[in-house]
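Fold and contact review
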Amino acid sequence: MATVQFIEKFCEHFGEDRAKKFVLALHQRSKPQGRLQFWQESMIEEFCSLLGMEPLDLNGALSSFNFCPIHHCELLEDVVSIQYGTQKPPAQAEVEHALNTYPFASMVKYGPCWVEAATKSHVVYCPACREALRSENA
């Protein structure tokens, strides 16, 4: 089954909102933690069972769901600067807006408040998310 069909069936089965939550958590929490959350494993097991296939592990899920749930674009890889220091937390409305408009802009990576040796970090990004962020900041 083609990746686009796989994703369409997933969204159809779980609904756009749950599918979006799954993909965002997959890339933003599960990947850094190196494991799927229980609720993600349950969704994958249910969906893969429906398709008659073995459940996906973390790497299989990252490969199969390598897309932006807002713009339906494939996520690409990039290297961005790491910004160290204490950041003012954004307001909840700003967080919600970013998640609904450009969740994979990934223009910069934020490090801890102390400075470490690394100055660059590998990220995945959506070209349409970056364009949406640039347009908003223009």
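In the block above lies the structure referred to throughout.
Described below are features of the structure shown in this document. None of the values given here were measured: they were computed from a predicted structure.

1. Description of the packing of helix H1 (residues 3–14) against helix H2 (residues 16–33)
A pair of packed helices is characterised by two quantities: the angle between their axes and the separation of those axes. In the contact formed by H1 and H2, the axes pass within 6 Å of each other and the chain directions differ by 120°. Judged on the interaxial angle alone, H2 and H1 are oblique. Contact residues: Phe10, Cys11 and Phe14 in H1; Glu16, Arg18, Ala19 and Phe22 in H2. Residue composition of the contact of H1 with H2, grouped by class: five nonpolar, no polar and two charged.

2. Remarks on the environment of Ala105
Here Ala105 shows up in the loop between helix H5 (92–101) and strand E2 (109–110). On a C-alpha basis, the gap between Ala105 and Lys21 in space is 17 Å, while along the polypeptide they are 84 residues apart. Ignoring sequence-local partners within four residues, the contact set of Ala105 consists of Tyr125, Cys129, Arg130 and Leu133.

Definitions and cut-offs
- Residues numbered from 1 in each chain as written.
- Predicted model: local features only at pLDDT ≥ 70, side-chain atom pairs only at ≥ 80, totals over all residues.
- Heavy atoms only, no water.
- Axes fitted to C-alpha atoms, helices over the stretch in contact; angles between N-to-C directions.
- Helix = DSSP H or I, 4+ residues; strand = E, 2+ residues; numbered from the N terminus.
- Parallel < 35°, antiparallel > 145°, perpendicular 65-115°, else oblique.
- Contact = heavy atoms within 4.5 Å.
- Nonpolar A, V, L, I, M, F, W, Y, C, P; charged D, E, K, R; others polar.

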